[in-house]
Amino acid sequence: MAKKLVIKVTAGADAPERCSQAFTVAAVAVASGVEVSLWLTGESSWFALPGRAAEFELPHAAPLPDLIESILAAGQITLCTQCAARREITEKDVIDGVRIAGAQVFVSEAMADGTQALVY
């Protein structure tokens, strides 16, 4: 079993099921003791902002704010640098605990020994 899971979520409210799946898998992995790094890219970038996850609704899915809280409790959430810049999001705007980093950091994490990477 991989010691670390790196998940890149590219979907937001535009593809709610895919988006929810990424956050759910990340939260379940954290709860299972797996080291998790969740990357917000594309439309999921908006969920780095306070209050935006509360606007997300998907029937029969766990509330996105709860999933984010559980991921941040024992894992890492990163907002893509370019995605943040395109949306004029800065480090002072994001939820406490969310970092902003770029492709070099993503590749470094994804290529580390004992790591499994998933893209949603």
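Preceding block: the structure.
Residues numbered from 1 in each chain as written. Predicted model: local features only at pLDDT ≥ 70, side-chain atom pairs only at ≥ 80, totals over all residues. Heavy atoms only, no water.

Chemist: Which residues make up the side chain of Thr-41, and what values go with them?
Modeler: Counting through the fold element by element, Thr-41 comes out in the loop between β2 (35-40) and α2 (64-74). When residues no more than four places from it in sequence are discounted, the contact partners of Thr-41 are Lys-8, Val-9, Thr-10, Cys-80 and Cys-83. (Helix = DSSP H or I, 4+ residues; strand = E, 2+ residues; numbered from the N terminus. Contact = heavy atoms within 4.5 Å.)

Chemist: Which residues make up the state of the cysteines, and what are the values?
Modeler: One pass over the structure, following the stated rule, counts zero disulfides. For the unlinked cysteine Cys-80, the closest cysteine sulfur is that of Cys-83, found at 3.1 Å. For Cys-83, a relative accessible area of 5% gives the class buried. (Disulfide = S-S within 2.5 Å. Buried < 20%, exposed > 50% of the residue type's maximum accessible area, 1.4 Å probe, protein only.)

Chemist: Just give me the short version of the nonpolar core, but keep the residues and values in it.
Modeler: Membership of the largest hydrophobic core comes to 33 residues, with the highest contact counts inside it found for Phe-23, Leu-38, Leu-40, Phe-47, Leu-64 and Leu-79. Contributions of two or more residues to this core are made by β1 (4-9), α1 (16-31), β2, α2, β3 (76-80) and β4 (98-101). With seven residues, the top contributor of residues to this core is α1. In contact with Leu-64, other than residues within four places in its own chain, are Phe-23, Phe-47, Ala-53 and Phe-56. Within the second largest apolar cluster, five residues are counted, among which are Val-6, Trp-39, Phe-106 and Ala-110. (Core = buried A, V, L, I, M, F, W, Y, C linked by side-chain atoms within 4.5 Å.)

Chemist: Give me the lowdown on the sheet that holds strand β5 (residues 115-119), citing residues and values where you can.
Modeler: Taken in spatial order, the five strands of this open sheet run β4-β3-β2-β1-β5, and their pairing is parallel. Since the sheet does not close on itself, it has two edges, and those belong to β4 and β5, each with one partner. On average, each strand axis in the sheet is inclined to that of its neighbour by 25 degrees, with strand direction left out of account. In this sheet, β3 lies alongside β2 in parallel orientation, the contact comprising four bridges. Paired with Ser-37 across the bridge in β3 is Gln-76. Contacts between α2 and the sheet are confined to β2, β3 and β4, with β3 contributing the most and set at about 110 degrees to the helix. Against the sheet, helix α4 (residues 103-110) makes contact with β1, β2, β4 and β5, and its axis sits at roughly 140 degrees relative to β1, the strand it touches most. (Pairing = 2+ DSSP bridges. Axes fitted to C-alpha atoms, helices over the stretch in contact; angles between N-to-C directions.)

Chemist: Please provide a residue-by-residue account of α2, values included.
Modeler: Three or more residues of α2 are buried, namely Leu-64, Leu-67, Ile-68 and Ile-71. Projected onto a plane normal to the axis of α2, the buried residues spread over an arc of 100 degrees and lie on a single side. Of the exposed residues in α2, those oriented more than 90 degrees away from the buried face are Glu-69, Ala-73 and Ala-74. The elements touched by buried residues of α2 are α1, β2 and β3. (Arc of directions from axis to C-beta.)

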